[in-house]
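# A closer look at the structure
Below, each chain spelled out in residue letters.
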Amino acid sequence: MPFRQLPSSDEARLQALQAAFEKVAATPADQLAISLATKTRLETQYPLFRTELEERGTALAGQTMATQAQEAQAWRLRTWTSHFFQVLNMAIERGMVPAAARAFYQLDVSQTALPRLSAEADLILWAGRAVSGEATRVAAGGSPILSPPIAEVSAELAQYQTLRSVQSAKKDAYIGEAADVEALRPTEDDLIRDIWDEVEFHFRHDSPSSLRSKAREYGVYYATRPGEAPDPGPPSASPLGNPPASPPA
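Attention in this report is confined to the structure presented alongside it. Fair warning: this is a prediction, and the values are worked out from it, not measured in the lab.

## Describing the nonpolar core
Counting 28 residues, the largest nonpolar core has Leu17, Leu42, Phe49, Ile195, Trp196, Val199 and Tyr218 as the members making the most contacts within it. Within the residue set of this core, elements represented by two or more residues are helix H1 (10-25), helix H2 (36-93), helix H4 (150-202), helix H5 (208-216) and strand E2 (222-223). With seven residues, H4 is the largest single contributor of residues to this core. Not counting the four nearest positions on each side in its chain, valine 199 is found in contact with Ala33, Ile34, Ala215 and Tyr218. Judged by nonpolar contacts, the second largest core, of 21 residues, contains Leu117, Trp126, Ile145 and Val153.

## Re the environment of glutamine 18
By the secondary structure assignment, glutamine 18 is in helix H1. What makes glutamine 18 partly exposed here is its relative accessible area of 31%. Taking C-alpha positions, glutamine 18 is 52 Å from tryptophan 80, a pair spaced 62 residues apart along the chain.

## Points about the packing of aromatic side chains
What characterises a pair of aromatic rings is the spacing of the ring centres plus the angle enclosed by the ring planes. For the structure shown, the criterion picks out five aromatic pairs. Considering the side-chain rings of phenylalanine 85 and tyrosine 105, the 6.0 Å spacing of their centres and the 80° angle between planes classify their relative orientation as edge-to-face. A residue pair is termed long-range when its members are at least 10 positions apart, and phenylalanine 85 in helix H2 and tyrosine 105 in the loop between H2 and helix H3 (120-139) qualify at 20 residues. Of the two residues, phenylalanine 85 and tyrosine 105, both sit in the buried class. An aromatic cluster is present here, built from Phe84, Phe85, Tyr105 and Trp126 joined pairwise through their rings. When the ring centre of tryptophan 126 is taken as origin, the NZ or CZ atom of arginine 129, which lies over that ring, is 4.6 Å away. For the cation-ring pair, arginine 204 lies above phenylalanine 201, with the distance from its terminal atom to the ring centre recorded as 3.8 Å.

Thresholds applied
Residues numbered from 1 in each chain as written. Predicted model: local features only at pLDDT ≥ 70, side-chain atom pairs only at ≥ 80, totals over all residues. Heavy atoms only, no water. Core = buried A, V, L, I, M, F, W, Y, C linked by side-chain atoms within 4.5 Å. Buried < 20%, exposed > 50% of the residue type's maximum accessible area, 1.4 Å probe, protein only. Helix = DSSP H or I, 4+ residues; strand = E, 2+ residues; numbered from the N terminus. Contact = heavy atoms within 4.5 Å. Phe/Tyr/Trp six-rings, centres within 6.5 Å; stacked < 30°, edge-to-face > 60°. Lys NZ or Arg CZ within 6 Å of the ring centre and 35° of its normal.

Structure, rendered in structure tokens:
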């Protein structure tokens, strides 16, 4: 026999509440299968939960776009910084810049390997050292590196730091919205459980299949066991995100 299965994802919670909300809105008050108090809770909590989910989705989209922009800029900054140190090494190899000039960038004077730029902290560190070191070296009388000029590295670093700050703010906004949704879950779960309990009690004198058919109109979801035939008629919507459930013991 099919058994009742409560939602386990936010999408499934919203689906259950929406079905109940729409059924209540289309049913005369004297024919409702839930109490007036529960109807009032539904009319208050469903729009609030829907709004919080929408706000969380918007915040996630904002964070995702900000992260993509930051990652794209990280690639540019990594490329410009790497090229700068490559050209510096080539200039030293050709004798145009003395090897001792590496000290301006806080490099070992004998280091020919490029600084590690894969980690964000290393990227910011060495881009900053390239900018400050080049300014100090040129001020001491050295010829500037021209491909790429340090002004371009500095501009790429500034843009990366800007986008990094934006991404951090967007991430914080998403965390806040996700916390708002999380705080509502216990209340929404209690409401769904109360609606489903009241609906099943209201139709308790119907046959089991008739009860389930009518309860589905209020969003109640009934899972079936493996190999079990579903009830006749339109199937109930699946509680999105619910893992396969074992029947009650």
